[in-house]
Amino acid sequence: MLDLKCTSSKDIFPLAYAIHVLVNKAPVTMRSKDKPGVRIEKGKLVDDNYEGYVLKQVLEFGEILKVTPIQGPYSGVPVVVVPVKDDEKITGAIGIVDLTAGIFEEIQSIARRKEFARFLPDEAFPK
């Protein structure tokens, strides 16, 4: 298991950078439960003491958050943040900017418009 509980930003950076590359260099943030972490943008480390308001919320509640922060460097930008767990123990959190900006949820909403009901199977359009 991946126990990040007391891991420093220096030690978190390689994993966070790998994720950054995997998501086509979308901004990535990552931190351990007990220590600040990193913020990576455009292939560069821009903050190695990153606290992150949404990261802290995920660490506290242990739930995936898909939100638009109202403060911090990603204010007004949709993000997805997930907890890192060792069994049921939360040891860290990782976040990315949601490049889809919630488009899939919007597509589902549009697909449920009444005028589309005749084109969709019954289970796709709850009545």
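Structure's up top.
Residues numbered from 1 in each chain as written. Predicted model: local features only at pLDDT ≥ 70, side-chain atom pairs only at ≥ 80, totals over all residues. Heavy atoms only, no water.

Remarks on the side chain of Thr-7
In step 1: Looking at the secondary structure, you find Thr-7 in the segment before helix H1 (9-22).
In step 2: Given the relative accessible area of 15%, Thr-7 is considered buried.
In step 3: Non-local contacts of Thr-7, meaning those with residues more than four positions away in its chain, are made with Ile-12, Ser-32 and Lys-35. (Helix = DSSP H or I, 4+ residues; strand = E, 2+ residues; numbered from the N terminus. Buried < 20%, exposed > 50% of the residue type's maximum accessible area, 1.4 Å probe, protein only. Contact = heavy atoms within 4.5 Å.)

Points about the pairing of strand S1 (residues 28-32)
In step 1: Of all five residues that make up S1, five are buried, and the element is covered over most of its length.
In step 2: Here S1 shows no split at all, with Val-28, Met-30 and Ser-32 on one side and Thr-29 and Arg-31 on the other all buried.
In step 3: Examined bridge by bridge, S1 and strand S2 (residues 37-41) share three bridges and lie antiparallel to one another. Looking across to S2, one finds that Met-30 is bridged to Val-38.
In step 4: Counting the residues in the hairpin turn of S1 and S2 gives four residues.
In step 5: Bridge count for S1 against strand S6 (residues 89-97) is five bridges, and the pairing is antiparallel. Considered in S6, the bridge of Ser-32 is made with Gly-92. (Pairing = 2+ DSSP bridges.)

Describing the packing of aromatic side chains
In step 1: Taken as a whole and assessed by the stated rule, the structure comprises one aromatic pair.
In step 2: Ring centres 5.7 Å apart and planes at 35° place the aromatic pair Phe-13 and Tyr-17 in the tilted group. On the criterion of helical spacing, the pair formed by Phe-13 and Tyr-17 is a turn pair, its members being four residues apart in helix H1. (Phe/Tyr/Trp six-rings, centres within 6.5 Å; stacked < 30°, edge-to-face > 60°.)

A short note on the sheet that holds S6
In step 1: Across the sheet, which stays open at both edges, the six strands sit in the order S3-S2-S1-S6-S5-S4 with antiparallel pairing between neighbours. The two strands at the open ends of the sheet, each matched to only one other strand, are strand S3 (44-50) and strand S4 (65-67). Ignoring strand direction, the axes of neighbouring strands in this sheet form an average angle of 15°.
In step 2: Each of S1, S2, S3 and S6 touches H1; the most contacted strand, S2, lies at about 35° to it. (Axes fitted to C-alpha atoms, helices over the stretch in contact; angles between N-to-C directions.)

Here we look at the nonpolar core
In step 1: The biggest cluster of nonpolar side chains holds 11 residues, and these are Tyr-50, Val-54, Leu-55, Val-58, Leu-59, Tyr-74, Val-79, Val-81, Ile-90, Ala-93 and Val-97.
In step 2: Those elements giving two or more residues to this core turn out to be helix H2 (53-61), strand S5 (79-86) and S6.
In step 3: Once you skip the residues sitting within four places of it in the chain, Leu-55 turns out to touch Thr-29, Met-30, Arg-31, Tyr-50, Val-81, Ala-93, Ile-94 and Gly-95.
In step 4: By size, the runner-up hydrophobic cluster in this structure holds 10 residues, among which are Ile-12, Ile-19, Val-84 and Ile-94. (Core = buried A, V, L, I, M, F, W, Y, C linked by side-chain atoms within 4.5 Å.)

Quick word on the layout of surface pockets
In step 1: The computed volume of the largest pocket comes to approximately 190 Å³.
In step 2: Only S1, H2, S5 and S6 provide two or more residues apiece to the lining of the largest pocket.
In step 3: Taken together, the residues that form the lining of the largest pocket break down as 13 nonpolar, five polar and no charged. (1 Å grid on protein atoms, 1.4 Å probe; cavity = no way out; pocket = protein on both sides within 12 Å on 5 of 7 lines; lining within 4 Å. Points joined across faces, edges and corners; volume = space filled by probe spheres on them. Nonpolar A, V, L, I, M, F, W, Y, C, P; charged D, E, K, R; others polar.)

By themselves, these are just geometric observations and shouldn't be taken as functional.
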